[in-house]
Amino acid sequence: MNTRLPVRRRIFVKGIVQGVGFRPFIYRLAQNHKLRGWVLNSSKGVFVEVEGAVRQVDDFVRSIRSKSPANARIDSLHISKLPCKGYKHFTIRESVMDRGSTLISPDLATCSECREDITKPGNRRKGYPFTNCTNCGPRYSIIKITPYDRIHTTMRSFKMCRDCALEYQDVLDRRFHAQPNACPECGPKVALYRINRQPVAAESPIDKTAGLLLQGKIVAIKGLGGFHIACDATNESAVTRLRRRKGRPHKPLALMCRLADVPRVARLTKPEALYLASAQAPILLLQKRKTRILAPSIAPGNPYLGIMLPYTPVHHLLFKQLKFLVMTSGNRQDEPVTIDDAECFASLHGIVDYVLTNDRPIENRNDDSIVTYSPLTAFSILRRSRGYAPDPIDLPMKLAPTLGCGGELKSTFCMARSKTAYLSPHIGDLENFDTLHAYQQTLEKYRRWFELEPEVVAHDLHPDYMTTRFAKSTRIAKKVAVQHHFAHIASCLAENLVEDRVIGLAFDGTGYGTDGKIWGCEFLVGDLTGFDRVAHLAYLPLPGGEASIRHPYRIGLAYLLYTRKQLPNLPFVKGTRTSERRAIEQMLETDFNLAFTSSLGRLFDAIAAILGVTREITFEAQAAMQLEYLATDRTVMSYPAEIRHEDGGFVIDPAEIIWGVATDIKRGLRTETIASKFHNSIITFSIDTCKKLRQEYNIRKVALSGGAFQNRLLLEGLVRELKKNGFAPIFHQKVPYNDGGIALGQVILADRG
Ligand code: ZN
Ligand code: ZN
Ligand code: FE
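Worth saying up front: this structure is predicted, and the values here are computed from it rather than measured.

With respect to the overall build of the chain
- Looking only at helices and strands, the chain has 22 helices and 28 strands in total.
- Residue burial in the chain is summarised as follows: out of 753 residues, 60% are buried.
- About 30400 Å² of surface is accessible on the chain, with carbon and sulfur atoms providing 49% of the total.
- In the chain, 104 positive and 76 negative side-chain charges are present, and the distance between their average locations comes to 6 Å.

Looking at the domain arrangement of the chain
- Split by domain assignment, the chain resolves into domain 1 (6-92), domain 2 (190-358), domain 3 (379-499 + 737-752) and domain 4 (535-730).
- When each unit is reduced to the centre of its C-alpha atoms, the spacing between domain 3 and domain 4 is 30 Å.
- Every contact between the two is made by 14 residues of domain 3 and, on the other side, 11 residues of domain 4.
- A per-residue breakdown of the area domain 3 buries against domain 4 is headed by I489, C492 and Y737, which together make up 45% of the total.
- Counting every contact that joins domain 3 to domain 4 gives one salt bridge.
- For K410, the salt bridge goes to E620, with nearest N and O atoms at 2.5 Å.
- Where the side of domain 3 that touches domain 4 is concerned, the elements lending two or more residues are β15 (378-383) and α13 (484-495).

Quick word on the sheet that holds strand β16 (residues 393-404)
- A sheet is described by the order of its strands in space; here four strands give the open sequence β17-β16-β18-β19, paired in mixed fashion. Either end of the sheet is taken by a strand with one partner, and the two such strands are β17 (414-423) and β19 (478-482). Going from strand to strand, the sheet's axes swing by 60° on average, the running direction of each strand aside.
- Of the pairings in the sheet, the one linking β16 to strand β18 (residues 456-460) comprises three bridges and is parallel in character. Across the sheet, G404 pairs through a bridge with A458, a residue of β18.

Things to note about the coordination of the zinc ion (ligand 2)
- Around the zinc ion (ligand 2), the donor atoms from the protein are C161 (SG), C164 (SG), C183 (SG) and C186 (SG), and they sit 2.2 to 2.4 Å away.
- With four donor atoms in place around the zinc ion (ligand 2) and angles of 102 to 117° between them, the coordination shape is tetrahedral.
- In primary-sequence terms, the residues that donate to the zinc ion (ligand 2) follow C-x2-C-x18-C-x2-C. Residue C183 shares its accessibility class with C186, and that shared class is buried.

A look at the sheet that holds strand β4 (residues 73-82)
- If you trace the five strands from one edge of the open sheet to the other, you get β4-β1-β3-β2-β5, paired in mixed fashion. Edge positions in the sheet fall to β4 and β5 (90-92), since each of these pairs with one other strand and no more. Within the sheet, the average angular offset between the axes of one strand and its neighbour, ignoring direction, is 15°.
- Where strand β2 (residues 36-41) meets strand β3 (residues 46-53), six bridges bridge the pair, whose relative direction is antiparallel. By the bridge assignment for β3, R36 is matched with E51.
- Set on the sheet, helix α1 (residues 22-32) makes contact with β1 (6-16), β2, β3, β4 and β5; between it and β5 the angle comes to about 175°.
- On top of the sheet, helix α2 (residues 54-66) reaches β1, β3 and β4; it is set at about 150° to β3, its chief contact.

Thoughts on the side chain of N738
- With respect to the helices and strands, the residue N738 is situated in the loop between β28 (728-730) and α22 (742-752).
- A polar atom in the side chain of N738 sits 2.9 Å from the side chain of Q710.
- If near-sequence neighbours (up to four positions away) are discounted, N738 is found in contact with L382, K410, H488, G706, G707 and Q710.

Re the pattern of salt bridges
- The tally for this structure, following the rule as stated, stands at 35 salt bridges.
- The residue D368 makes a salt bridge to R386 at a minimum N-O spacing of 2.8 Å. With D368 in the loop between β13 (354-358) and β14 (370-374) and R386 in the loop between β15 and β16, this pair connects stretches of sequence that are 18 residues apart.
- Take D368: its relative accessible area is 5%, and that puts it in the buried class.
- Among the ionic pairs, E580 bridges to R577, the shortest N-O distance being 4.0 Å.
- For E580, a relative accessible area of 19% corresponds to the buried category.
- Each member of the salt-bridge network shares a partner with another, and the members are E113, D117, R174 and R175.

Here we look at the side chain of T402
- Mapped onto the elements of the fold, T402 is located in strand β16.
- A residue is classified by how much of its surface remains accessible, and T402, at 0% relative accessible area, is buried.
- Of the polar contacts made by the side chain of T402, one reaches the backbone oxygen of A400; its length is 2.6 Å.
- Non-local contacts of T402, meaning those with residues more than four positions away in its chain, are made with C414, M415, A416, L452, P454, V456, V747, A750 and D751.

Quick word on empty space enclosed by the protein
- Under the counting rule described, the total for this entry stands at three cavities of 30 Å³ or more.
- Taken as a whole, the largest cavity holds about 130 Å³ of empty space.
- Taken together, the residues of the lining of the largest cavity sort by class into nine nonpolar, seven polar and two charged.
- Size it by volume and the second largest cavity reaches roughly 80 Å³.

Section: the coordination of the zinc ion (ligand 1)
- Looking at the zinc ion (ligand 1), one finds its protein donor set to be C111 (SG), C114 (SG), C133 (SG) and C136 (SG), positioned 2.3 to 2.4 Å from the metal centre.
- If you look at the zinc ion (ligand 1), its four donor atoms make angles of 103 to 119° with each other, and the shape they trace is tetrahedral.

Some thoughts on the environment of R501
- By the secondary structure assignment, R501 is in the loop between α13 and β20 (502-512).
- On a C-alpha basis, the gap between R501 and G649 in space is 17 Å, while along the polypeptide they are 148 residues apart.
- Beyond its immediate stretch of four places on either side in the chain, R501 contacts V525, G526, D527, Y697 and I699.

Description of the nonpolar core
- Formed by 111 residues in total, the largest nonpolar core has its most connected members in L505, F507, F523 and L600.
- Sort the elements by how many residues they give to this core and helix α20 (residues 671-697) lands first, with nine residues.
- In this structure, this core is formed jointly by two domains, domain 3 (379-499 + 737-752) and domain 4 (535-730), each of which donates at least three residues.
- With near-sequence residues (within four places) excluded, L505 lies in contact with I489, E522, F523, S686, C690, V702, A703, L704, S705, F709 and L718.
- By size, the runner-up hydrophobic cluster in this structure holds 61 residues, among which are L192, Y311, V314 and W449.

Parameters and conventions
Residues numbered from 1 in each chain as written. Chains lettered and ligands numbered in written order. Predicted model: local features only at pLDDT ≥ 70, side-chain atom pairs only at ≥ 80, totals over all residues. Heavy atoms only, no water. Helix = DSSP H or I, 4+ residues; strand = E, 2+ residues; numbered from the N terminus. Buried < 20%, exposed > 50% of the residue type's maximum accessible area, 1.4 Å probe, protein only. Areas by Shrake-Rupley, 256 points an atom, 1.4 Å probe, with all protein chains shown as cover. Lys, Arg positive; Asp, Glu negative; His and termini not counted. Charge placed at Lys NZ, Arg CZ, Asp CG, Glu CD. Domains from an automatic or database assignment. Contact = heavy atoms within 4.5 Å. Buried area = accessible area lost by both parts, 1.4 Å probe. Salt bridge = Lys/Arg side-chain N within 4 Å of Asp/Glu carboxyl O. Pairing = 2+ DSSP bridges. Axes fitted to C-alpha atoms, helices over the stretch in contact; angles between N-to-C directions. Donors = N, O, S within 2.8 Å, 3.2 Å for Na, K, Ca; no water. Tetrahedral: all angles 85-135°; square planar, octahedral: opposite > 155°, others 65-115°. Polar contact = N/O pair within 3.5 Å; in protein donor to acceptor, adjacent residues only side chain to side chain. 1 Å grid on protein atoms, 1.4 Å probe; cavity = no way out; pocket = protein on both sides within 12 Å on 5 of 7 lines; lining within 4 Å. Points joined across faces, edges and corners; volume = space filled by probe spheres on them. Nonpolar A, V, L, I, M, F, W, Y, C, P; charged D, E, K, R; others polar. Core = buried A, V, L, I, M, F, W, Y, C linked by side-chain atoms within 4.5 Å.

Below, the structure is given as structure tokens:
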């Protein structure tokens, strides 16, 4: 072969190659290698044709992989040989997009080059809080309609100045086709107000804000996908004031600080540091260090701190002066995050003192995502939103256009078509009409953006969920109810592309069962076409039904009374008024106002109450969290649980666990040891049950899903024991364990089940 003769190659690249500066990268690379041809964006991926010397072409192909832009991800690269065409130049061709397949990139944290731009003396963007480029900045939060062009975003009203326009048009510039490109000359501006709407005059509103925060003031700060409520995290009186005003007595508050300061307050492993500093920039739950730097009431009684790094230029500029900020969602309890100024002034009145806002409207609400890491199970997402949504999730099979409406708490919806699912960002607890409104708005947008007309709508089996009623009110002809825990396990299988039959462990708080009872510790056997429930925790009574969820001590009393018809002489029992004890006794005797549940979450509640750890809760899963954090003993002891054969399946009776705990308290065993023994007990009965099921069904793969797996002790302990016992555990990476993931499971089971 004559190496001097030119060759022509067509290269097809799939992965995350749009909105990340991939075409300019290819263009520059082709110039460097003196190649001619073109590059083109399509809905399937990026196509490239190059013509030139064979060695240059080979180098070029190698460099596509080795030198690709930071936020690009190459999933596959396919090369074909073609006869030469005699191209004269290298050009960027007009994009070719299929109907409805437009990719909308998530918002990305400010890149290092932009960070330099805003700090370097002499740079025209020094101190400019809306600096961005093709590698970073707002995307999802500013888009109105597709395709993603400036006129279709909230940047439409800002006309680019000459300098910005030149950057935008220059293929070799980092800001080539950066839709939100802006500078102090032409872009959005920040402004500071008192909460009574009075403007605060300041040469630099950001510096002024930093000063106010240092004085202990509480400030609403407009971010990418909504307002945050911020205060100095080292100032205890500011933090307690924020808690009191927001009506949030216990729930941990998220922090923001620079990467270099993280190790001062939390343990940070290498993979965690990389993840924190990623373009997704989520809140990562890190192990707290003993330190006096932070206000004690940030995350009381919690061994973890939720930390994120500054991810917008506004944050970076604030952190010139600040070290640690509380950054919590800017909303009133249970309402969606505030995104516009008028709403902010109205709804955060009485909570914040000042508002740092700007004139770039937020089109789409987008909360901070929350992630945890463990060496055994890698990263799990607790809240999937900014940085992740609306990235598509690949499915193992083709689906008809389907909408999954999700659950009630931590709700999301999912739209799927063919082999792709679009899971919405976290919307919130659908318990009020504001959240429902936000849900419907986002749904309408997804429909438009992805041009997806659902032919099937899937909803939870629970008749009273707002999402169920919403599904029933749509005009979509085919409506399918999907059992909550079946959806949980299906979501886990789908994101792992597993089509085999598995044992599924759905450990959860609440889910409506096919028998009308409240499920929540379910062992399933099946695959993505459907599941059978083959084992579960025994049914126990909830006095007053689901209303008892906020009062764990009532569940504790009921579980003790129901399993042995008596109450032990424990401090927690004595701490309850006689009239209340009687009322529960009467409910059990008369069967009046009782619901029955196999929920693992409720067992956690009962044990936490019996231990005297938790009487009442103010946020979901509070008792389970307190019990998890208490379980620091390395004991291998556990309480026995009888596994009975019943109705062709197995029933796990926790009576001996409940009474074992009571006995240990009387014996004076340390609370820490009892909490650890309780965790061990769940792992033990789970492994025992899995072994019985393996014998019966000959299945080794075990999928784990459900909100209870947010408990790391439980997740890691179970994964470890499953492996040790020859099982192959399958767990979540992309979709939450909690109800934020069930919409994905719903679409699959509705279409295939
Ligand atoms: Zn940038
Ligand atoms: Zn400009
Ligand atoms: Fe659930």
